[in-house]
Amino acid sequence: MKIAVTGGAGYIGSHTVKLLKENGHDILVIDNLYNGHIKAVPDDVTFAKCDIRETETVKEILSAFKPEAVIHFAAFIEVGESTRNPLSFYINNISGTLSLLSAMKESGINKIIFSSTAAVYGNPKKIPIPETETVKPINPYGQTKACVEKALADLSSYSDFRYVSLRYFNAAGADPSGLIGESHNPETHLIPLVLKTAKGEREKISIFGTDYPTPDGTCIRDYIHVNDLAKAHLLALEHLMDGGKSEVFNCGYGKGYSVKEIIETAKKVTGKAFKVIEDERRKGDPAVLVADPGKLKRLLNWKPEFDDLEFIIKTAWNWELNRRF
Ligand code: UDP
(Lines give C-alpha, C1' and ligand atoms only; values in the text may rest on other atoms or scores of the structure.)
Protein backbone atom coordinates (compact mmCIF):
# COMPACT_ATOMS: atom_id res chain seq x y z
CA MET A 1 0.00 0.00 0.00
CA LYS A 2 1.15 3.58 -0.62
CA ILE A 3 1.53 5.63 2.56
CA ALA A 4 2.70 9.22 3.03
CA VAL A 5 4.66 9.95 6.20
CA THR A 6 5.22 13.55 7.30
CA GLY A 7 8.20 13.90 9.61
CA GLY A 8 9.48 10.55 8.36
CA ALA A 9 13.09 11.71 8.78
CA GLY A 10 12.57 12.20 12.51
CA TYR A 11 12.97 9.82 15.43
CA ILE A 12 9.62 8.02 15.68
CA GLY A 13 8.89 8.67 11.99
CA SER A 14 12.03 6.91 10.75
CA HIS A 15 11.43 3.84 12.94
CA THR A 16 7.85 3.67 11.63
CA VAL A 17 9.01 4.04 8.01
CA LYS A 18 11.41 1.11 8.53
CA LEU A 19 8.60 -1.07 9.90
CA LEU A 20 6.17 -0.07 7.12
CA LYS A 21 8.78 -0.98 4.52
CA GLU A 22 9.43 -4.33 6.20
CA ASN A 23 5.68 -4.92 5.82
CA GLY A 24 5.79 -4.26 2.10
CA HIS A 25 4.41 -0.71 1.98
CA ASP A 26 5.52 1.91 -0.54
CA ILE A 27 6.49 5.10 1.30
CA LEU A 28 6.58 8.81 0.57
CA VAL A 29 8.40 10.83 3.25
CA ILE A 30 7.56 14.54 3.48
CA ASP A 31 9.98 16.35 5.80
CA ASN A 32 11.40 19.89 5.89
CA LEU A 33 14.57 18.48 7.56
CA TYR A 34 14.29 21.19 10.18
CA ASN A 35 14.69 18.55 12.87
CA GLY A 36 14.82 15.41 10.74
CA HIS A 37 17.89 13.76 9.21
CA ILE A 38 18.20 12.77 5.58
CA LYS A 39 20.41 9.85 6.66
CA ALA A 40 17.40 8.47 8.55
CA VAL A 41 15.48 8.15 5.26
CA PRO A 42 16.13 4.89 3.38
CA ASP A 43 17.29 5.20 -0.25
CA ASP A 44 14.31 3.29 -1.59
CA VAL A 45 11.55 5.60 -0.37
CA THR A 46 10.24 8.66 -2.22
CA PHE A 47 11.45 11.76 -0.43
CA ALA A 48 10.06 15.30 -0.68
CA LYS A 49 11.84 18.09 1.20
CA CYS A 50 8.86 20.25 1.97
CA ASP A 51 7.21 22.10 4.83
CA ILE A 52 3.66 20.92 5.54
CA ARG A 53 2.55 24.56 5.73
CA GLU A 54 3.12 24.84 1.97
CA THR A 55 -0.37 23.62 1.17
CA GLU A 56 -0.14 23.85 -2.62
CA THR A 57 3.18 22.00 -2.84
CA VAL A 58 1.99 19.30 -0.43
CA LYS A 59 -1.16 18.91 -2.52
CA GLU A 60 0.93 18.43 -5.67
CA ILE A 61 3.22 15.91 -3.95
CA LEU A 62 0.25 13.94 -2.56
CA SER A 63 -1.66 14.07 -5.84
CA ALA A 64 1.37 12.68 -7.68
CA PHE A 65 2.10 9.87 -5.18
CA LYS A 66 -1.56 8.99 -4.44
CA PRO A 67 -1.20 7.49 -0.95
CA GLU A 68 -4.09 5.64 0.70
CA ALA A 69 -3.42 7.36 4.02
CA VAL A 70 -1.12 9.80 5.77
CA ILE A 71 0.85 9.22 8.97
CA HIS A 72 1.51 12.65 10.41
CA PHE A 73 4.57 13.01 12.69
CA ALA A 74 5.85 16.43 11.62
CA ALA A 75 5.63 18.76 14.62
CA PHE A 76 7.58 20.61 17.27
CA ILE A 77 7.80 18.36 20.31
CA GLU A 78 9.74 19.96 23.09
CA VAL A 79 7.68 20.91 26.16
CA GLY A 80 10.24 23.39 27.55
CA GLU A 81 10.62 25.18 24.20
CA SER A 82 6.82 25.41 23.91
CA THR A 83 6.70 27.42 27.15
CA ARG A 84 9.38 29.80 25.84
CA ASN A 85 8.02 30.15 22.31
CA PRO A 86 4.33 29.17 22.27
CA LEU A 87 3.52 31.01 19.03
CA SER A 88 5.95 28.90 17.00
CA PHE A 89 4.25 25.77 18.36
CA TYR A 90 0.78 27.05 17.48
CA ILE A 91 1.94 27.96 13.97
CA ASN A 92 3.88 24.78 13.27
CA ASN A 93 1.68 22.22 14.99
CA ILE A 94 -1.80 23.66 14.38
CA SER A 95 -1.46 25.68 11.15
CA GLY A 96 0.86 22.99 9.80
CA THR A 97 -1.67 20.23 10.43
CA LEU A 98 -4.58 22.28 9.05
CA SER A 99 -2.53 22.94 5.92
CA LEU A 100 -1.79 19.22 5.57
CA LEU A 101 -5.48 18.37 6.07
CA SER A 102 -6.45 20.87 3.32
CA ALA A 103 -3.89 19.34 0.95
CA MET A 104 -5.18 15.86 1.80
CA LYS A 105 -8.78 16.92 1.15
CA GLU A 106 -7.89 18.41 -2.21
CA SER A 107 -6.01 15.23 -3.13
CA GLY A 108 -8.88 12.97 -2.07
CA ILE A 109 -7.13 11.38 0.93
CA ASN A 110 -9.41 10.86 3.92
CA LYS A 111 -7.42 8.84 6.44
CA ILE A 112 -4.76 10.04 8.86
CA ILE A 113 -2.80 8.70 11.81
CA PHE A 114 -1.90 11.54 14.08
CA SER A 115 0.98 11.80 16.56
CA SER A 116 -0.60 13.00 19.77
CA THR A 117 0.83 12.96 23.26
CA ALA A 118 0.27 12.13 26.90
CA ALA A 119 0.76 15.86 27.45
CA VAL A 120 -2.91 16.37 26.45
CA TYR A 121 -3.86 15.02 29.91
CA GLY A 122 -1.98 17.69 31.88
CA ASN A 123 -2.03 16.54 35.52
CA PRO A 124 -4.36 13.55 35.25
CA LYS A 125 -6.47 12.47 38.22
CA LYS A 126 -6.41 8.81 37.35
CA ILE A 127 -3.14 6.80 37.03
CA PRO A 128 -2.69 4.73 34.88
CA ILE A 129 -4.45 7.15 32.55
CA PRO A 130 -7.36 5.86 30.43
CA GLU A 131 -8.23 7.62 27.14
CA THR A 132 -11.46 8.80 28.81
CA GLU A 133 -9.50 11.02 31.23
CA THR A 134 -10.18 14.75 30.83
CA VAL A 135 -8.06 16.48 28.21
CA LYS A 136 -6.56 19.43 30.06
CA PRO A 137 -3.00 20.22 28.96
CA ILE A 138 -0.71 22.30 31.18
CA ASN A 139 1.76 23.39 28.51
CA PRO A 140 1.50 24.89 25.00
CA TYR A 141 2.86 21.73 23.37
CA GLY A 142 0.00 19.67 24.83
CA GLN A 143 -2.48 22.42 23.92
CA THR A 144 -1.49 22.31 20.25
CA LYS A 145 -1.95 18.54 20.11
CA ALA A 146 -5.31 18.74 21.93
CA CYS A 147 -6.50 21.43 19.44
CA VAL A 148 -5.63 19.21 16.48
CA GLU A 149 -7.42 16.26 18.09
CA LYS A 150 -10.56 18.43 18.32
CA ALA A 151 -10.29 19.39 14.65
CA LEU A 152 -9.85 15.72 13.67
CA ALA A 153 -12.90 14.73 15.72
CA ASP A 154 -15.01 17.36 13.92
CA LEU A 155 -13.77 16.32 10.48
CA SER A 156 -14.60 12.74 11.37
CA SER A 157 -18.08 13.62 12.68
CA TYR A 158 -19.07 15.94 9.87
CA SER A 159 -17.29 14.68 6.75
CA ASP A 160 -16.08 11.54 5.04
CA PHE A 161 -12.87 11.37 7.05
CA ARG A 162 -11.40 8.95 9.61
CA TYR A 163 -8.42 9.21 11.92
CA VAL A 164 -6.50 7.46 14.65
CA SER A 165 -4.84 9.65 17.23
CA LEU A 166 -1.99 7.97 19.07
CA ARG A 167 -1.17 9.57 22.40
CA TYR A 168 2.50 8.79 22.88
CA PHE A 169 3.98 8.47 26.32
CA ASN A 170 7.81 8.64 26.39
CA ALA A 171 9.31 7.17 23.24
CA ALA A 172 12.77 5.78 23.97
CA GLY A 173 15.47 3.43 22.72
CA ALA A 174 16.63 2.77 19.17
CA ASP A 175 16.24 0.16 16.47
CA PRO A 176 18.45 -2.80 17.46
CA SER A 177 20.04 -2.68 13.95
CA GLY A 178 21.91 0.45 15.06
CA LEU A 179 21.03 2.12 11.74
CA ILE A 180 18.61 4.67 13.18
CA GLY A 181 18.07 6.23 16.59
CA GLU A 182 17.23 9.39 18.47
CA SER A 183 19.04 12.55 17.39
CA HIS A 184 17.62 15.91 18.42
CA ASN A 185 19.47 19.18 18.30
CA PRO A 186 19.48 20.46 20.96
CA GLU A 187 18.77 17.24 22.82
CA THR A 188 16.43 17.72 25.78
CA HIS A 189 15.16 14.21 26.49
CA LEU A 190 16.20 12.42 29.61
CA ILE A 191 17.57 9.10 28.34
CA PRO A 192 19.83 10.48 25.55
CA LEU A 193 21.10 13.20 27.90
CA VAL A 194 21.92 10.66 30.61
CA LEU A 195 23.74 8.51 28.04
CA LYS A 196 25.70 11.47 26.68
CA THR A 197 26.79 12.10 30.25
CA ALA A 198 27.81 8.45 30.66
CA LYS A 199 29.77 8.76 27.42
CA GLY A 200 31.62 11.79 28.77
CA GLU A 201 30.13 14.21 26.24
CA ARG A 202 28.41 16.15 29.00
CA GLU A 203 29.80 17.00 32.38
CA LYS A 204 26.66 16.17 34.40
CA ILE A 205 22.99 15.29 34.27
CA SER A 206 20.49 17.49 36.10
CA ILE A 207 17.40 16.10 37.80
CA PHE A 208 14.62 18.63 37.21
CA GLY A 209 12.76 18.67 40.52
CA THR A 210 13.06 16.41 43.53
CA ASP A 211 9.97 17.62 45.40
CA TYR A 212 7.23 16.03 43.26
CA PRO A 213 4.57 13.93 45.02
CA THR A 214 6.20 10.64 43.94
CA PRO A 215 8.03 8.01 46.06
CA ASP A 216 11.52 9.46 45.36
CA GLY A 217 10.37 13.02 44.59
CA THR A 218 11.27 12.88 40.88
CA CYS A 219 8.90 12.75 37.89
CA ILE A 220 7.57 9.43 36.70
CA ARG A 221 7.14 8.62 33.01
CA ASP A 222 6.08 5.60 30.97
CA TYR A 223 9.03 4.87 28.61
CA ILE A 224 7.99 2.90 25.51
CA HIS A 225 10.48 1.41 23.05
CA VAL A 226 10.23 3.27 19.75
CA ASN A 227 9.69 0.02 17.79
CA ASP A 228 6.65 -0.90 19.90
CA LEU A 229 5.37 2.60 19.19
CA ALA A 230 6.05 2.14 15.47
CA LYS A 231 4.01 -1.08 15.62
CA ALA A 232 1.03 0.86 16.98
CA HIS A 233 1.10 2.96 13.77
CA LEU A 234 1.09 -0.12 11.56
CA LEU A 235 -1.90 -1.55 13.48
CA ALA A 236 -3.71 1.81 13.39
CA LEU A 237 -3.19 1.94 9.63
CA GLU A 238 -4.59 -1.58 9.20
CA HIS A 239 -7.55 -0.59 11.40
CA LEU A 240 -8.41 2.39 9.16
CA MET A 241 -7.85 0.42 5.95
CA ASP A 242 -10.20 -2.30 7.23
CA GLY A 243 -12.91 0.35 7.59
CA GLY A 244 -12.42 0.83 11.34
CA LYS A 245 -13.81 4.00 12.88
CA SER A 246 -11.93 6.98 14.25
CA GLU A 247 -10.24 6.22 17.56
CA VAL A 248 -7.85 7.63 20.15
CA PHE A 249 -5.29 5.32 21.78
CA ASN A 250 -2.72 5.66 24.53
CA CYS A 251 0.69 4.27 23.61
CA GLY A 252 2.68 3.23 26.66
CA TYR A 253 3.37 0.12 28.73
CA GLY A 254 1.31 1.02 31.81
CA LYS A 255 4.43 1.14 33.97
CA GLY A 256 6.36 4.20 35.13
CA TYR A 257 9.95 4.94 36.11
CA SER A 258 11.22 7.95 37.99
CA VAL A 259 14.07 10.17 36.76
CA LYS A 260 16.27 8.67 39.49
CA GLU A 261 15.39 5.12 38.38
CA ILE A 262 16.31 5.97 34.79
CA ILE A 263 19.69 7.32 35.93
CA GLU A 264 20.37 4.23 38.07
CA THR A 265 19.44 1.87 35.22
CA ALA A 266 21.67 3.83 32.83
CA LYS A 267 24.59 3.48 35.26
CA LYS A 268 24.00 -0.27 35.38
CA VAL A 269 23.65 -0.73 31.60
CA THR A 270 26.65 1.43 30.67
CA GLY A 271 28.86 0.45 33.58
CA LYS A 272 29.83 4.13 33.86
CA ALA A 273 29.79 6.46 36.84
CA PHE A 274 28.85 10.08 36.17
CA LYS A 275 27.88 13.27 37.93
CA VAL A 276 24.22 13.82 38.83
CA ILE A 277 22.92 17.06 40.30
CA GLU A 278 19.54 17.99 41.77
CA ASP A 279 18.08 21.02 40.02
CA GLU A 280 14.91 23.14 39.93
CA ARG A 281 11.69 21.86 38.40
CA ARG A 282 11.29 22.37 34.66
CA LYS A 283 8.22 24.41 33.69
CA GLY A 284 5.22 22.50 32.38
CA ASP A 285 6.18 19.05 33.75
CA PRO A 286 3.38 16.92 35.25
CA ALA A 287 4.50 14.70 38.17
CA VAL A 288 3.30 11.36 36.80
CA LEU A 289 2.34 10.21 33.29
CA VAL A 290 1.64 6.50 33.00
CA ALA A 291 -0.62 5.05 30.30
CA ASP A 292 -3.42 2.60 30.54
CA PRO A 293 -2.70 0.85 27.21
CA GLY A 294 -5.68 -1.56 27.55
CA LYS A 295 -7.61 -0.10 24.63
CA LEU A 296 -4.70 -0.43 22.19
CA LYS A 297 -4.24 -4.06 23.26
CA ARG A 298 -7.94 -4.91 23.08
CA LEU A 299 -8.98 -3.14 19.89
CA LEU A 300 -5.81 -3.38 17.78
CA ASN A 301 -4.30 -6.50 19.38
CA TRP A 302 -1.10 -4.58 20.14
CA LYS A 303 1.49 -6.83 21.81
CA PRO A 304 4.53 -4.99 23.11
CA GLU A 305 7.80 -6.79 22.38
CA PHE A 306 10.36 -4.59 24.13
CA ASP A 307 8.78 -3.80 27.49
CA ASP A 308 12.09 -3.92 29.36
CA LEU A 309 13.78 -0.75 30.60
CA GLU A 310 17.29 -2.26 30.50
CA PHE A 311 16.78 -3.35 26.89
CA ILE A 312 15.44 0.09 25.96
CA ILE A 313 18.47 1.80 27.48
CA LYS A 314 20.84 -0.79 25.95
CA THR A 315 19.54 -0.03 22.42
CA ALA A 316 19.81 3.72 23.10
CA TRP A 317 23.38 3.23 24.42
CA ASN A 318 24.36 1.19 21.36
CA TRP A 319 23.05 4.03 19.18
CA GLU A 320 24.77 6.69 21.26
CA LEU A 321 28.12 4.91 20.87
CA ASN A 322 27.74 4.38 17.10
CA ARG A 323 25.61 7.25 15.84
CA ARG A 324 25.24 7.75 12.09
CA PHE A 325 23.70 11.21 12.48
N1 UDP B 1 14.42 15.44 32.89
C2 UDP B 1 15.43 15.68 33.81
N3 UDP B 1 16.64 16.10 33.37
C4 UDP B 1 16.91 16.31 32.04
C5 UDP B 1 15.88 16.07 31.10
C6 UDP B 1 14.65 15.61 31.56
O7 UDP B 1 15.23 15.52 35.01
O8 UDP B 1 18.04 16.73 31.72
C9 UDP B 1 13.11 14.97 33.35
C10 UDP B 1 11.94 15.84 32.90
O11 UDP B 1 11.76 16.92 33.80
C12 UDP B 1 10.79 14.83 32.92
C13 UDP B 1 11.47 13.50 32.55
O14 UDP B 1 12.87 13.71 32.78
O15 UDP B 1 10.27 14.72 34.21
C16 UDP B 1 11.27 13.13 31.08
O17 UDP B 1 11.57 14.27 30.30
P18 UDP B 1 11.75 14.20 28.75
O19 UDP B 1 12.14 15.58 28.29
O20 UDP B 1 12.66 13.08 28.38
O21 UDP B 1 10.31 13.81 28.19
P22 UDP B 1 8.85 14.49 28.43
O23 UDP B 1 8.24 13.71 29.56
O24 UDP B 1 9.01 15.94 28.70
O25 UDP B 1 8.16 14.22 27.13
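If you're wondering where the values come from, they're calculated on a predicted model, not measured in any experiment.

Draft legend 1. Fine view of the packing of helix α6 (residues 190-199) against helix α8 (residues 259-270). Axis separation between α6 and α8 bottoms out at 10 Å; the angle between their running directions is 40°. Compared by their axis directions, α6 and α8 come out oblique. Classified by chirality, the crossing of α8 by α6 is right-handed. Residues Leu 190, Ile 191, Val 194, Leu 195 and Ala 198 of α6 pack against Val 259, Ile 262, Ile 263, Ala 266 and Thr 270 of α8. Split by residue class, the contact of α6 with α8 holds 9 nonpolar, 1 polar and no charged.

Draft legend 2. Region of interest: the pattern of salt bridges. The final tally for this structure, using the stated rule, is 23 salt bridges. Notably, a salt bridge pairs Asp 51 with Arg 53, separated by 3.1 Å at the nearest N-O pair. For Asp 285, the salt bridge identified is with Arg 282, shortest N-O distance 3.1 Å. A residue is classified by how much of its surface remains accessible, and Asp 285, at 14% relative accessible area, is buried. Judged by relative accessible area, which is 30%, Arg 282 ranks as partly exposed.

Draft legend 3. A look at the packing of aromatic side chains. All told, the structure shown has 7 aromatic pairs when counted by the stated rule. Three or more aromatic residues joined by ring pairs make a cluster, and in this case those are Tyr 34, Phe 76, Phe 89 and Tyr 141. Above the face of the Phe 274 ring, Lys 267 is positioned so that its terminal group lies 5.4 Å from the ring centre. Against the face of Tyr 212 rests Arg 281, its NZ or CZ located 3.9 Å from the ring centre.

Draft legend 4. Up close: unusual backbone geometry. For the peptide bond that leads from Ile 127 to Pro 128, omega is -10°, which places it in the cis range. Here Asn 185 and Pro 186 are connected by a cis peptide whose omega angle stands at 0°. Position of Pro 186 relative to the elements: it lies in the loop between β7 (170-172) and α6. Positive phi is not limited to glycine here, since Leu 33 has a value of about 60°. In the Ramachandran plot, Asn 301 falls in the positive-phi region, its phi being about 60° despite a non-glycine side chain. Here Asn 301 lies in the loop between α9 (294-300) and α10 (309-321). Assessed through its relative accessible area of 48%, Asn 301 is described here as partly exposed.

Draft legend 5. Looking closely at the side chain of Thr 218. With respect to the secondary-structure elements, Thr 218 resides in the loop between β8 (204-208) and β9 (220-221). Judged by its relative accessible area of 0%, Thr 218 is buried. From its side chain, Thr 218 meets the backbone nitrogen of Val 259 in a polar contact 3.2 Å long. Polar contacts involving the side chain of Thr 218 include one to the main-chain amide nitrogen of Lys 260, which spans 3.4 Å. In this structure Thr 218 touches Ile 207, Gly 209, Thr 210, Tyr 212, Ser 258, Val 259 and Lys 260, once residues within four positions along its chain are discounted.

Draft legend 6. The site of the ligand, seen in detail. The local shell around the ligand holds 15 residues, among which Leu 190, Ser 206, Arg 221, Arg 282 and Asp 285 are the closest. Within the side chain of Asn 170, an N or O atom sits 2.9 Å from an oxygen atom of the ligand. Phe 208 is positioned such that a nitrogen or oxygen atom in its backbone is 2.9 Å from an oxygen atom of the ligand. A total of 520 Å² of accessible area belongs to the ligand in isolation, and the protein chains cover 90% of it. For the shell around the ligand, the secondary structure elements donating two or more residues are α6 and β8. When residues in the shell around the ligand are grouped by element, the largest group, 4 residues, is from β8. Residues of the shell around the ligand, tallied by class, amount to 8 nonpolar, 4 polar and 3 charged.

Each value, and the rule that gives it
- Residues numbered from 1 in each chain as written.
- Predicted model: local features only at pLDDT ≥ 70, side-chain atom pairs only at ≥ 80, totals over all residues.
- Heavy atoms only, no water.
- Axes fitted to C-alpha atoms, helices over the stretch in contact; angles between N-to-C directions.
- Helix = DSSP H or I, 4+ residues; strand = E, 2+ residues; numbered from the N terminus.
- Parallel < 35°, antiparallel > 145°, perpendicular 65-115°, else oblique.
- Left-handed = near helix turned anticlockwise from the far one by under 90°.
- Contact = heavy atoms within 4.5 Å.
- Nonpolar A, V, L, I, M, F, W, Y, C, P; charged D, E, K, R; others polar.
- Salt bridge = Lys/Arg side-chain N within 4 Å of Asp/Glu carboxyl O.
- Buried < 20%, exposed > 50% of the residue type's maximum accessible area, 1.4 Å probe, protein only.
- Phe/Tyr/Trp six-rings, centres within 6.5 Å; stacked < 30°, edge-to-face > 60°.
- Lys NZ or Arg CZ within 6 Å of the ring centre and 35° of its normal.
- Polar contact = N/O pair within 3.5 Å; in protein donor to acceptor, adjacent residues only side chain to side chain.
- Near = heavy atom within 4 Å.
- Areas by Shrake-Rupley, 256 points an atom, 1.4 Å probe, with all protein chains shown as cover.

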